[in-house]
Amino acid sequence: MGTLALAAKITHVPSMYLSELPGPRQGFRQAAIDGHHEIGRRCRELGVDTIVVFDTHWLVNANYHINCAAQFEGLYTSNELPHFIANMNYGFPGNPELGRLLAEQCNRLGVETMAHDATTLAPEYGTLVPMRYMNADQHFKVISVSALCTSHYLNDSARLGWAMRKAVEEHYDGTVAFLASGSLSHRFAQNGQAPEFATKVWSPFLETLDHRVVRMWQDGDWADFCAMLPEYAVKGHGEGFMHDTAMLLGALGWSRYDGKAEVVTPYFGSSGTGQINAIFPVTAQDGRAIPAAQASNPAGVASTSRL
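Residues numbered from 1 in each chain as written. Predicted model: local features only at pLDDT ≥ 70, side-chain atom pairs only at ≥ 80, totals over all residues. Heavy atoms only, no water.

### Topic: the pairing of strand S7 (residues 141–149)
Here is step 1 of the chain: Extensive coverage of S7 is indicated by the burial of eight of its nine residues.
Here is step 2 of the chain: The pairing of strand S3 (residues 64–67) with S7 spans two bridges and is classified as antiparallel. Bridge pairing in S7 places Asn67 opposite Ser144. (Buried < 20%, exposed > 50% of the residue type's maximum accessible area, 1.4 Å probe, protein only. Helix = DSSP H or I, 4+ residues; strand = E, 2+ residues; numbered from the N terminus. Pairing = 2+ DSSP bridges.)

### As for the side chain of Ser15
Here is step 1 of the chain: One can find Ser15 in helix H1 (residues 15–18).
Here is step 2 of the chain: Taking the relative accessible area as the measure of exposure, Ser15 reaches 2% and is therefore buried.
Here is step 3 of the chain: A polar contact of 2.8 Å, which involves the side chain of Ser15, links it to the side chain of Arg29.
Here is step 4 of the chain: Contact partners of Ser15, with chain neighbours within four places excluded, come to Phe28, Arg29, Phe84 and Ser270. (Polar contact = N/O pair within 3.5 Å; in protein donor to acceptor, adjacent residues only side chain to side chain. Contact = heavy atoms within 4.5 Å.)

### Points about the packing of aromatic side chains
Here is step 1 of the chain: One pass over the full model with this rule turns up 11 aromatic pairs.
Here is step 2 of the chain: Relative to Phe92, the ring of Phe72 has its centre 5.6 Å away and its plane inclined at 50 degrees; by these criteria the two rings are tilted. Taken together, the residues Phe72 in strand S4 (residues 71–76) and Phe92 in strand S5 (residues 88–93) connect sequence positions 20 residues apart.
Here is step 3 of the chain: The class of Phe92 is buried, set by a relative accessible area of 2%.
Here is step 4 of the chain: Measuring from ring centre to ring centre gives 6.3 Å for Phe225 and Tyr232, while their planes differ by 65 degrees; the resulting arrangement is edge-to-face.
Here is step 5 of the chain: Put simply, the rings of Trp217, Trp222, Phe225, Tyr232, Tyr257 and Phe280 pair up and form one aromatic cluster.
Here is step 6 of the chain: In this structure, Arg29 packs its charged tip against the face of Phe28, placed 4.3 Å from the ring centre.
Here is step 7 of the chain: Directly above the aromatic system of Phe197 lies the positively charged group of Lys200, at a separation of 5.9 Å from the ring centroid. (Phe/Tyr/Trp six-rings, centres within 6.5 Å; stacked < 30°, edge-to-face > 60°. Lys NZ or Arg CZ within 6 Å of the ring centre and 35° of its normal.)

What follows is the structure in structure tokens.
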């Protein structure tokens, strides 16, 4: 019925908002902002009606959660970096119907997921920042998915991504984009050193590792990348333990995915972290490589580590 038309890994650095404001940093994140404009433009060309954001700033300790209220609007200040994002207006429509369909399909495939359509829960800035640049005119409906998952298995996140694709294709009458909103390496600069690392990555090791990963994406080396993702998430300080990336790759077919990433905004450093905007072409997949549900399988829980 429906179509997953676009998939991308995107940055949401709060310095993008800071870049709009008068001061010494004005304009220094224009490349990232331009990348968001381009992704939004492509979504419009493809007829996307709803953007689903896997948000690594939405921390959850149990279950997977979907924020699918009918409307989002407010004034946002970041509790993490209030000197970067303060009193930022936001507003866009949600999609309760699709949110419920996503949760139902995830549960059918063994990944416990809850949809919240009657809620006062506000989106986090992993959703708000990209929507500021992709969706300023509120053209798209928006759904936010928890992706800072503290007690979850990467295999389940991959399976959730696949389940959400199946929900769109089999049960939804519309066109959808999936965005994994999170960095590559996410090792922040030490307190007091942030200004020095405003446009740098924390260490040569992490920067080299990130560049190698980007090359794997561009070369389509997905079997090796999926195999190394749990270790990369830990040793590479992946944001949100890379659950957003697992969700995105699950939606694309996991280790059997056969597309090659298109870099829209080249890799850059921000406060010590490694960032990118990259589009992953959606290709036909049969789901054979998608991991089995793990948290709902006692044997799987007992024999493997969480990440």
